[in-house]
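Per-entry structural report
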Amino acid sequence: MLQLASVTKVYPNGVHALERFSSEIQLGEIIAIIGGSGCGKSTLLRAIAGLDRASAGTVTLDGEAISAPHAKVGIIFQEPRLLPWLSVADNIGFGLSELPAAERRERVAKALARVGLADKAKVWPRELSGGQAQRVAIARALVAQPEVLLLDEPFSALDAFTRKDLQDHLLDLWADTRPTLVLVTHDVEEAVVLADRVLVMRPHPGRLFEEITINLSRPRDRNAPLFEQFKRHVLTALDRSLDRTVPDTQGRREPGGGLWW
Amino acid sequence: MTMTVELQAPAAAATPQTASRPWLTRLARPLLGLLLPLSLALAWELAVRAGWSNGRLVPPPSKVFTTIAELAQSGELTRHITMTLSRVGIGFGLGVAAGTLLGGICGYWGLARRLVDPTIQALRAIPSIAWVPLFILWLGIFETSKVALIAVGVFFPVYLGLTGAILSVDRKIVEVGRVFRLSGPAMIRRILLPAVLPAYVVALRVGLGLGWMFVVAAEFMGASEGLGYLLIDGQQLGKPAQIVAAIVIFAIIGKATDWLLEIATAPLLRWQDSFARQSGAA
């Protein structure tokens, strides 16, 4: 279980990126974090990844505090961030250097086949398309068999068709080992198609605004009326979160603003 | 229907042409580059043969070649080339070693950079030839001062290239190393080193070019052997053919060493190749 307890982040330049964010995320859950710019969603993800330390509060995974990158936590960034001097296969095997070569090769080959790029093993990253490169990045993160996989707007740089394709593919891969997924996105449809729970955040300082449970069975039909309804629900929450006149529904309320909406 | 047939026909005809083109361009490109100097040399040769010029101050190519042949036959050429090559070799080696060591430390470690870099930048502002008198006083007029001058010339581009390359390593790629929990040495070996390599190779090639430049300066300051000595000797004894011969040999060896360096580092930079080849073919 991933526990976030009053995670707060104030940057040295005084920017208050995250204010007392708390949540509990069960193993195998898919969480989408959505919100306007400056709502601290990427900051939160980096704190879970152990890339940046929180100013206050704690991130614990199975009771173990996270303050540095952790073997059980993988991350996929907005850009594939492949190492250009390594072949596709070596990129995927990058984090497996402690394994014996034979086992590493086998796991890399399996991961490559799983993302449908078995024929690209020996290719340099620069020869891949954007979607293929992001698939390699997904394979690189998943081959380490993380318990928690963090995704920071992983498909936002891709065209609409590739994005949809990769969203479905991600769910497919997730079903293999069912890790916890925490996905930061600004795409409402992406959030609703993937997540069990959507956490809507609001900016200045970044904090939790509303939590929406998407109790739709998978695979989800993007054209179903219920799907549309959830999309509208998230969209409305997002709009309200950006409306300064709407008080917080969770966490600390402004003095004198103690009204429930 | 006829439209598609018409459209396809020229495309099919063009395919074999493009397939044979890499061969053609690979051969034609160097030949194209040689066209201008060769025709100029030929024209000058003919002008001298025809008696339009006596060719005393600007010797015709044939005379330059006989001079080279004579020097080669007497064994002198080998002696001069060996001398110059060993000076460049040792100076380049020392310059690269110092530049790499200091560049690596200053690039990786901020405190060292703030401590050392301003001094190096100040020293860099001094034209390297200005060190010559001091080097001769300190190190004598023989080999040491010459090698030192070459090493100084090589040091700066290597140092600058390496620190610059380390500082510009993509933070996002370094973060990948952090996510996979690489230790300090592993981070250097698996992320920083390969990331820095292309710029480092360029720095080495610039350094080698400067090494060749400074060996001439070094051999001007009182050498009895070496290609630079051939230049001075030719000037003092009024033998322009010998000067041109030495210049031609400098050009050939300089280009050859640069080419060797390029060949030696090519396997390490294979991953950049695909791009170079693509843009080269276009």
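Read on for a plain summary of the structure. (Residues numbered from 1 in each chain as written. Chains lettered and ligands numbered in written order. Predicted model: local features only at pLDDT ≥ 70, side-chain atom pairs only at ≥ 80, totals over all residues. Heavy atoms only, no water.)

With 54 residues, the main nonpolar core has I92 and V198 of chain A as its most contacted residues. Here the element with the most residues in this core is helix α4 (residues 130-142) of chain A; it accounts for 7 residues. Listed in part, the 47 residues of the second largest apolar core include V64, V132, L192 and M221 of chain B. (Core = buried A, V, L, I, M, F, W, Y, C linked by side-chain atoms within 4.5 Å. Buried < 20%, exposed > 50% of the residue type's maximum accessible area, 1.4 Å probe, protein only. Helix = DSSP H or I, 4+ residues; strand = E, 2+ residues; numbered from the N terminus.)

Moving on, we get to the interface of chain B and chain A. Contact residues are listed per partner, giving 19 residues for chain B and 21 residues for chain A. Taken together, both faces of the contact between chain B and chain A bury some 2,100 Å²; the carbon and sulfur share is 66%. Summed over the three residues of chain B that lose the most area to chain A, namely F180, R190 and W271 of chain B, the buried surface amounts to 32% of that side. Connecting chain B to chain A are 3 salt bridges. Counting the contacts that link chain B with chain A gives 7 residue pairs in polar contact (both at pLDDT 80 or more). Every element with two or more residues in the side of chain B that touches chain A is listed here: α7 (171-179), α8 (184-220) and α11 (270-281) of chain B. Top contributing element to the side of chain B that touches chain A by residue count: α7 of chain B, with 7 residues. (Contact = heavy atoms within 4.5 Å. Buried area = accessible area lost by both parts, 1.4 Å probe. Salt bridge = Lys/Arg side-chain N within 4 Å of Asp/Glu carboxyl O. Polar contact = N/O pair within 3.5 Å; in protein donor to acceptor, adjacent residues only side chain to side chain.)

Attention now moves to the pairing of strand β9 (residues 197-202) of chain A. Residue and element names in this part refer to chain A. The buried fraction of β9 is high, at 6 of 6 residues. Both strand β3 (residues 30-35) and β9 contribute to a ladder of 5 bridges, which runs parallel. Pairing of G35 across the sheet is with M201, part of β9. Summarising the sheet, β9 and strand β10 (residues 207-213) pair through 6 bridges and their orientation is antiparallel. Pairing of L199 across the sheet is with E211, part of β10. (Pairing = 2+ DSSP bridges.)

Residue and element names in this part refer to chain A. Across the sheet, 6 strands lie side by side as β6-β7-β8-β3-β9-β10; this open sheet has mixed pairing. Looking along the sheet, the strands with just one partner apiece sit at the ends: β6 (73-76) and β10. On average, adjacent strands in this sheet sit at an angle of 20° to one another, irrespective of strand direction. Two elements, strand β7 (residues 148-152) and strand β8 (residues 180-185), share 5 bridges in a ladder whose sense is parallel. Paired with D152 across the two strands is V184, which belongs to β8. Strand contacts of helix α1 (residues 41-49): β3, β6, β7, β8 and β9, with the helix running at about 150° to β7, the strand carrying the most contacts. (Axes fitted to C-alpha atoms, helices over the stretch in contact; angles between N-to-C directions.)

As a further point, take the packing of helix α5 (residues 132-139) of chain B against helix α6 (residues 143-167) of chain B. Residue and element names in this part refer to chain B. Taken N-terminus to C-terminus, the directions of α5 and α6 make an angle of 140°; their axes are 9 Å apart at the nearest point. Taken together, the axis directions place α5 and α6 in an arrangement best described as oblique. The two elements α5 and α6 meet at a crossing, and its hand is right-handed. Where α5 abuts α6, its residues V132, F135, I136 and L139 lie against T144, S145, A148, L149 and V152. (Parallel < 35°, antiparallel > 145°, perpendicular 65-115°, else oblique. Left-handed = near helix turned anticlockwise from the far one by under 90°.)

All names here are of chain A. In the segment running from H204 into P205, the intervening peptide bond is cis, with an omega of -10°. Within the element layout of this structure, P205 appears in the loop between β9 and β10. Each neighbour pair has its own omega, and for R218 with P219 the value is 0°, a cis peptide bond. Turning to its location among the elements, P219 is positioned in the loop between β10 and α7 (225-242). The phi torsion at R20 lies on the positive side, around 40°, for a residue other than glycine.

Moving on: a nonpolar patch on the surface. All names here are of chain B. Residues L101, I105, Y108, W109, L111, I188 and L193 make up a contiguous nonpolar surface patch of about 730 Å² in total accessible area. In terms of residue count, the dominant contributor to the nonpolar patch is helix α3 (residues 76-108) (3 residues). Among the secondary structure elements, I105 is positioned in helix α3. (Patch = residues over 30% accessible without salt bridge, like charges linked within 9 Å, V, L, I, M, F, W, Y side chains within 5 Å. Areas by Shrake-Rupley, 256 points an atom, 1.4 Å probe, with all protein chains shown as cover.)

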